[in-house]
Amino acid sequence: VDIVVLIGACATCFITNFVVLSKSSGRAPGSVQRGVMRRALLYPLNFMASYLLIIICYCSPHLAGSGPLFLCACVLEYLSGFFNCLTYFANSRYVRNRIPS
């Protein structure tokens with residue numbers, strides 16, 4: 001059941017990002033679109049960095065439970081909240097105003 005939830009969350013993340021980006025693509029100049037695209041792609045990248053290894057470990061029973069790959073997968077999964085904070089900070093107005101596009 002856990003693997004189905006993780007894969008469903010991944011699919012939902014990618015689908016919603018694609019829908020939002022496609023709906024907003026024609027209304028702004030190219031430089032603005034690139035900036036929005038770059039910031040929007042941080043969310044699926046964040047998800048993949050946090051959960052890809054743990055999904056692989058759960059799909060392969062010989063990887064789950066022990067070993068350095070499983071340990072790394074667990075650490076990345078536990079760091080997902082920290083990655084979320086970094087993503088929200090990177091998308092904040094403070095950072096956008098400080099860093100040139």
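None of the values given here were measured: they were computed from a predicted structure. All residue numbers refer to position in the chain's written sequence, counted from 1. Only residues with pLDDT of at least 70 are given local features in this predicted model, and only at 80 or more are side-chain atom pairs given and counted; all residues enter the totals for whole chains, interfaces and linings. With hydrogens and water stripped out, all remaining heavy atoms of the structure feed into the side-chain values.

What about the packing of aromatic side chains?
Logical step 1: Any Phe, Tyr or Trp ring, taking Trp's six-membered ring, that has another such ring centre within 6.5 Å forms a pair; planes under 30 degrees apart are called stacked, those over 60 apart edge-to-face, and the others tilted. Here the structure, examined in full by the defined rule, presents three aromatic pairs.
Logical step 2: Aromatic pair Tyr-43 and Tyr-88: ring centres 6.0 Å apart, planes at 50 degrees, arrangement tilted. Here the residue Tyr-43 occupies a position in helix H3 (residues 42–59), and Tyr-88 occupies one in helix H5 (residues 80–90), the gap between them amounting to 45 residues.
Logical step 3: Tyr-43 gets classed as partly exposed once you look at its relative accessible area, which sits at 30%.
Logical step 4: Three exposure classes are used, based on accessible area relative to the maximum for each residue type with a 1.4 Å probe and protein chains only: buried under 20%, partly exposed in between, and exposed over 50%. Taking relative accessible area as the criterion, Tyr-88 reaches 52% and is therefore assigned exposed.
Logical step 5: Judged by centre distance (5.0 Å) and plane angle (40 degrees), the ring pair of Phe-47 and Tyr-51 falls under tilted. Here Phe-47 and its partner Tyr-51 are both found in helix H3, four residues apart, which amounts to about one turn of the helix.
Logical step 6: Residue Phe-47 is classed as buried on the basis of its relative accessible area of 14%.
Logical step 7: Residue Tyr-51 is classed as buried on the basis of its relative accessible area of 19%. Secondary structure is summarised from DSSP: a helix means a run of H or I of at least four residues, a strand means a run of E of at least two, and numbering begins at the N terminus for each.

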